[in-house]
Amino acid sequence: MILSDKQILSYKDADAPFNIWMGAISSGKTHISIKKLIERLQNGPKGDVLITGVSRTTIQHNVLSLLYPALGFPMPSPKAMQTRLYGKDVYFKGVHDSGAVKDIQGCTLALAYCDEVVNMPQNVWNMLIGRLRVPGAQLFATCNPEGPSHWFKKDIIDIPLTSNESLKSNSCMFKLTPAPTVPVLIKNVLKISCIFSC
């Protein structure tokens with residue numbers, strides 16, 4: 001896959017505890033965040049990994065369908081709730097409502113990947129970031145922010161940088177420039193139909 005300059009830069013810069021790729025559909029944010037996820041699965045701290053999405057089905061479609069072919073491993077069954085990769089236990093959790101907080105209470109994580117994080121209830125996000133307790137733990141998230149009043153936009157993306165290293169975050173905005181591999185016809189449709197503001 002051909003990577004854009006922005007994708008390459010976001011990969012190199014994704015070294016903070018919280019790393020957020022946001023932008024338009026087909027802008028390349030998921031592909032590059034998956035590449036970074038693979039690098040951290042292989043080289044990151046030992047410990048459990050959590051991959052979240054709206055549902056187990058969306059995790060399969062949006063994350064695992066890209067992750068496993070890139071790894072060259074057979075994809076887990078759509079019903080599998082966990083697997084092992086590079087000596088790490090990897091858990092898959094749908095987090096579509098506030099009750100999902102119970103599914104992550106008590107765990108200690110080295111790595112988390114959140115697909116479409118703006119669909120995660122705020123109480124689940126708050127619990128999740130408290131679970132990243134392994135030294136060197138990181139979170140990677142992708143999103144299309146829901147608008148200026150959405151909690152994730154107000155409380156995460158727009159918060160001023162802090163001197164507290166544990167709260168440091170990086171975000172990379174992918175504007176309405178589809179990834180280099182998207183066919184020209186689709187690029188033109190996206191430019192016309194997709195209005196994104198952040």
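Keep in mind the model is a prediction, meaning the values are calculated, not measured. (Residues numbered from 1 in each chain as written. Predicted model: local features only at pLDDT ≥ 70, side-chain atom pairs only at ≥ 80, totals over all residues. Heavy atoms only, no water.)

S.K.: Help me understand the packing of helix α1 (residues 5-13) against helix α2 (residues 29-43), please; the structure alone is not making it clear to me.
M.R.: Geometry of a packed helix pair, given as the angle between the helix axes and the separation of the axes. Two elements in contact, α1 and α2, have axes whose closest approach is 9 Å; the angle formed by their N-to-C orientations is 30°. For the element pair α1 / α2, the angle class is roughly parallel. In this structure, α1 crosses over α2, and the sense of that crossing is right-handed. Residues Gln 7, Ser 10 and Tyr 11 of α1 touch α2, and the partners they reach there are His 31, Ile 32, Lys 35, Lys 36 and Glu 39. The residue makeup of the contact of α1 with α2, split by class, is 2 nonpolar, 3 polar and 3 charged. (Axes fitted to C-alpha atoms, helices over the stretch in contact; angles between N-to-C directions. Helix = DSSP H or I, 4+ residues; strand = E, 2+ residues; numbered from the N terminus. Parallel < 35°, antiparallel > 145°, perpendicular 65-115°, else oblique. Left-handed = near helix turned anticlockwise from the far one by under 90°. Contact = heavy atoms within 4.5 Å. Nonpolar A, V, L, I, M, F, W, Y, C, P; charged D, E, K, R; others polar.)

S.K.: What am I meant to see in the packing of aromatic side chains here?
M.R.: In this description, an aromatic ring pair is defined by two values, namely the gap between the centres and the angle between the planes. Counted by the stated rule, this structure contains 6 aromatic pairs. Between Trp 151 and Phe 152, the ring centres sit 5.4 Å apart and the planes meet at 85°, which makes this aromatic pair edge-to-face. Phe 152 carries the same exposure label as Trp 151, and that label is buried. Taken together, the aromatic side chains of Phe 18, Trp 125, Trp 151 and Phe 152 make up a single cluster linked through ring pairs. The cationic tip of Lys 36 hangs over the ring face of Tyr 11; the distance from NZ or CZ to the ring centre is 4.6 Å. (Phe/Tyr/Trp six-rings, centres within 6.5 Å; stacked < 30°, edge-to-face > 60°. Buried < 20%, exposed > 50% of the residue type's maximum accessible area, 1.4 Å probe, protein only. Lys NZ or Arg CZ within 6 Å of the ring centre and 35° of its normal.)

S.K.: Can you walk me through the pairing of strand β1 (residues 18-23) in this structure?
M.R.: Working note: regular strand, side chains alternate between the two faces of the sheet. Burial analysis of β1 places 6 of its 6 residues in the buried class, which makes it a mostly covered element. The alternating pattern of β1 places Phe 18, Ile 20 and Met 22 and Asn 19, Trp 21 and Gly 23 on opposite faces, both of which are buried. Here β1 pairs with strand β6 (residues 138-143) via 5 bridges, running parallel. Among the inter-strand pairings, Asn 19 is bridged to a residue of β6, identified as Phe 140. (Pairing = 2+ DSSP bridges.)

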